[in-house]
Amino acid sequence: MTEWQHVSTIGRTELRRRWRVVRGNPAQLVAIAFMALFAIPMVALVAFGGFLFGRSIGDGAATTTVTLARTGLVYVWLLAVGFGGLRAYSTALRPDHLDGLLTTVSHRELIGGLLFTEAVIVGVPTLLLAGIGALSFAVGAGSPVAAPLTVATVLCVLATALLVGFLLALVVRNMGVRSKLLTRLRTLLFVLLGVVYFWVIFTESFDTVLAPLYRLLEPTPVAWFGDLLLVGTAPAASLGRSVGAVLASGGLLLVGIAAITQLAALLWYADGVHIEHEAAPTEGSTLDTRLGALLPQPIAGVVAVDYRRARRAPVSLSFVLYPLFLLVNPIMTTVQTGSVDGALPLWIVLCGAWVTGAVFPLNVVGNEGAVLPATLLGRDPGRALVGGHVIAAALVGVPVTVLATAGLAVASPRPLSAVATLSASALVLAMAAGPIASGIGAAFPRFQAVRLSRSTRAIVPSMVAFAIFSTVIVIVALPALVGHSGLVGHALESWFGIPRPTVRLAGTLLTTVLALPTGALSALYAVRTVDAFRFD
């Protein structure tokens, strides 16, 4: 086979592998379905926007239009670089069976196949969308050359941006495999990057981050893509800059591909640093000793194992982030206004209890994995497993939920009586969430690991268990949330003369009446399910 045949074969094989991964993950299939639904209005928006943009060129604001195109394409290029770099770092540069591939083909052919894969996955839908926008833009501008030049511009922007993203990802990964310091601090760096990312979203500080990069790229050929887009359509577009953009793109592709090939070789053939963890004799027993002084030994052992698993593989708990997405808008509102809105403590109560129940107790049987047979041979395994998972979640979730609720409620315009009842609701819900989740998880366990990323698999709760638990915790929390709602309290006081403190207290009591028996019955079912568990 020729070199190109190797590249295309690797690319097609990688596409098939990724499709098999998607088919085996129902969550990804659902996400793709939603993306397909959103694609319909996106196509309409691109077509209509392209037509309006073309029409705007004929209104005498050609200079302004060219400036807008240059600025917009610089920002688009930056976002495409970030997207390409993230995909390269997390997925593209980590193919399955890397060592075996490198014994049969050269690293040049392998990186070419991976680039081929990314070009198909990212490039095909982008070019289809660009083609629709190009045609509508050409019709709006009344220029026959607008359509091919628009497609050419999109090709240049996409190819150069993805190439630079690959280069940055390779540089970062090469630094990581050769630096012990970066290897040790990798988790901390990712956490800091996540904090910065959410800070930018919450504070809407995109311009603060991207403006320096824009000023750096404004005099470069990246800004000339705007001239390439509009040359022959807008008189202010420069033909010289358009040609320069094409030539610069070609030169960058030639140099970039050569650089990517060398960096890939440095990465894949590197003898990376090895971090030797010297565990002290008491490292593994310190936590067990402390917990054993407070809890029965079997329960203390389960709690300790839960914490060790979370520390060693935090990505396995990524599913608990889903409830936290509900906090994005309330937190953004708080950051933008500079004051705590009265609704934020209510969201904290719900999400805090939701996460507390989901983190450990929602898969009491499946969490044990390969050690489940040995666990079931122990004395009173149901009490140990259910109690251990529930307590492990409560020791962290209850204080965090209650303190966060109380602190935000005090900072909000709520009276002290509302702070007290809302904090009591948070305490009841957070304590009952674990027992409620345990029975649901025991009824719908998951024993097989699922793929969380390209190289990470873990046992997580089933989607059915997560959906049922989410529904139950919302129903149980609803009386307390409604009772502390300003709108409901005002309505009941106006219509029936019921004082607001009475409404809040009634909501807290009703939630308590629902939560405690539900939690007790669910935990009892979980204990009996574990005790009666038999292997097929």
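Residues numbered from 1 in each chain as written. Predicted model: local features only at pLDDT ≥ 70, side-chain atom pairs only at ≥ 80, totals over all residues. Heavy atoms only, no water.

**Structural notes on the overall build of the protein**
Then step 1. On a plain count of helices and strands, the protein comes out with 22 helices and two strands.
Then step 2. In the protein, buried positions account for 41% of the 536 residues.
Then step 3. The long-range share in the protein, meaning contacts at least 24 apart out of those at least 6 apart in sequence, stands at 80%.
Then step 4. As displayed, the protein offers around 28000 Å² of accessible surface, 72% of which is attributable to carbon and sulfur atoms. (Helix = DSSP H or I, 4+ residues; strand = E, 2+ residues; numbered from the N terminus. Buried < 20%, exposed > 50% of the residue type's maximum accessible area, 1.4 Å probe, protein only. Contact = heavy atoms within 4.5 Å. Areas by Shrake-Rupley, 256 points an atom, 1.4 Å probe, with all protein chains shown as cover.)

**With respect to the side chain of Arg-414**
Then step 1. Relative to the elements of secondary structure, Arg-414 occurs in the loop between α18 (381-411) and α19 (416-443).
Then step 2. Within the local environment of Arg-414, its side chain forms a polar contact with the backbone oxygen of His-484, the two atoms lying 2.9 Å apart.
Then step 3. With residues near it in sequence (within four places) discarded, Arg-414 still touches Gly-342, Leu-346, Ala-409, Val-419, Leu-422 and His-484. (Polar contact = N/O pair within 3.5 Å; in protein donor to acceptor, adjacent residues only side chain to side chain.)

**Describing the packing of aromatic side chains**
Then step 1. Taken as a whole and judged by the stated rule, the model has five aromatic pairs.
Then step 2. Centroid distance Phe-53 to Phe-137: 5.5 Å. Interplanar angle 25°. Geometry classified as stacked. In this pair, Phe-53 is assigned in helix α2 (residues 26-57) and Phe-137 in helix α5 (residues 107-141), connecting sequence segments 84 residues apart.
Then step 3. In this structure, Arg-173 is placed above the aromatic ring of Tyr-89, and the distance from its NZ or CZ to the ring centre is 5.1 Å. (Phe/Tyr/Trp six-rings, centres within 6.5 Å; stacked < 30°, edge-to-face > 60°. Lys NZ or Arg CZ within 6 Å of the ring centre and 35° of its normal.)

**Some thoughts on the environment of Gly-441**
Then step 1. If you trace the backbone, Gly-441 turns up in helix α19.
Then step 2. Sequence separation between Gly-441 and Pro-461 is 20 residues, and the spatial gap between their C-alpha atoms is 7.1 Å.
Then step 3. Once you skip the residues sitting within four places of it in the chain, Gly-441 turns out to touch Leu-362, Asn-363 and Ala-465.

**A few points about the pattern of salt bridges**
Then step 1. For the structure on display, the rule yields five salt bridges.
Then step 2. Glu-14 serves as the salt-bridge partner of Arg-18, at 3.4 Å between the closest nitrogen and oxygen. Of the two residues, Arg-18 and Glu-14 both sit in helix α1 (residues 3-23), four residues apart, roughly one turn of that helix.
Then step 3. We classify Glu-14 as buried; its relative accessible area is 2%.
Then step 4. Asp-227 is paired through a salt bridge with Arg-70; the nearest N and O atoms lie 2.7 Å apart. Here Asp-227 is found in helix α10 (residues 221-230), whereas its partner Arg-70 is found in helix α3 (residues 62-92), with 157 residues between them in sequence. (Salt bridge = Lys/Arg side-chain N within 4 Å of Asp/Glu carboxyl O.)

**Examining the nonpolar core**
Then step 1. Phe-319, Ala-358, Phe-360, Leu-362 and Phe-469 are the most contacted members of the largest nonpolar core, which has 43 residues in total.
Then step 2. Residue assignment for this core shows that the elements contributing at least two residues are α13 (297-312), α16 (344-359), α18, α19 and α20 (463-483).
Then step 3. Counting residues per element, this core draws most heavily on α19, which supplies eleven residues.
Then step 4. Val-157, Tyr-214, Val-222 and Ala-245 belong to the second-largest nonpolar core, a separate cluster that totals 32 residues. (Core = buried A, V, L, I, M, F, W, Y, C linked by side-chain atoms within 4.5 Å.)

**Some words on helix α15 (residues 328-337)**
Residues three or four positions apart in an α-helix share a direction because the helix packs 3.6 residues into each turn.
Then step 1. Regarding α15, the residues found buried are Pro-330, Met-332 and Thr-334.
Then step 2. Among the residues trailing α15, Gly-338 stands out with phi positive, at a value near 80°.

**Notes on the side chain of Ser-438**
Then step 1. By the element assignment, Ser-438 lies in helix α19.
Then step 2. Assessed through its relative accessible area of 0%, Ser-438 is described here as buried.
Then step 3. Aside from chain neighbours lying at most four places away, what touches Ser-438 is Pro-361, Val-364, Val-386, Val-390, Ser-522, Ala-523 and Ala-526.

**Re the environment of Leu-228**
Then step 1. You can see Leu-228 is positioned in helix α10.
Then step 2. The sequence separation of Leu-228 and Ser-242 amounts to 14 residues, and the corresponding C-alpha distance is 4.2 Å.
Then step 3. Setting aside residues up to four positions removed in sequence, Leu-228 forms contacts with Leu-149, Thr-153, Cys-156, Ser-242 and Val-246.

**Considering a positive patch on the surface**
Then step 1. On the surface, Arg-12, Arg-16, Arg-20 and Arg-23 cluster together into a patch of positive charge.
Then step 2. Tracing the chain through its elements places Arg-16 in helix α1. (Patch = residues over 30% accessible without salt bridge, like charges linked within 9 Å, V, L, I, M, F, W, Y side chains within 5 Å. Lys, Arg positive; Asp, Glu negative; His and termini not counted. Charge placed at Lys NZ, Arg CZ, Asp CG, Glu CD.)

**With respect to α19**
Then step 1. Taking 1.5 Å per residue as the helical rise, α19 with its 28 residues ought to reach 40 Å, and the 41 Å between its terminal C-alpha atoms agrees with that figure.
Then step 2. Of all the bends in α19, the greatest, near 30°, is centred on Ala-433, and the proline Pro-435 appears no more than four residues after it.
Then step 3. Burial analysis of α19 places 21 of its 28 residues in the buried class, the great majority of the element. (Expected span 1.5 Å × (residues − 1). Bend = angle between axes of the 7 residues up to and from the residue.)

**What about the packing of α18 against α19?**
The packing of two helices is summarised by the inter-axis angle and the distance between the axes.
Then step 1. Where α18 meets α19, the closest approach of the two axes is 8 Å, and the angle between their N-to-C directions is 160°. Classified by the angle their axes make, α18 and α19 are roughly antiparallel. When you trace α18 past α19, the crossing you get is right-handed. Packed against α18, whose contacting residues are Val-386, Val-390, Val-398, Thr-401, Val-402, Thr-405, Ala-406, Ala-409 and Val-410, the element α19 presents Val-419, Leu-422, Ser-423, Ala-426, Leu-427, Ala-430, Met-431, Gly-434, Pro-435 and Ser-438 at the interface.
Then step 2. Along the lines of polarity and charge, the residues of the contact of α18 with α19 split into 14 nonpolar, five polar and no charged. (Axes fitted to C-alpha atoms, helices over the stretch in contact; angles between N-to-C directions. Parallel < 35°, antiparallel > 145°, perpendicular 65-115°, else oblique. Left-handed = near helix turned anticlockwise from the far one by under 90°. Nonpolar A, V, L, I, M, F, W, Y, C, P; charged D, E, K, R; others polar.)

**Thoughts on the confidence of the model for the protein**
Then step 1. On average, the protein scores 81 in pLDDT, and the residues at 70 or more come to 83%.
Then step 2. Residue range residues 277-284 is modelled with pLDDT below 50. Its contacts to residues more than four positions away, or to other chains, number two contacts. (pLDDT = per-residue confidence, 0-100.)

**Side note on the environment of Leu-481**
Then step 1. Relative to the helices and strands, Leu-481 is located in helix α20.
Then step 2. With a relative accessible area of 16%, Leu-481 lands in the buried category.
Then step 3. Taking the C-alpha atoms as reference points, Leu-481 and Leu-350, 131 residues apart in sequence, are found 8.2 Å from one another.
Then step 4. Apart from residues lying up to four places away in sequence, Leu-481 is in contact with Leu-346, Val-349 and Leu-350.

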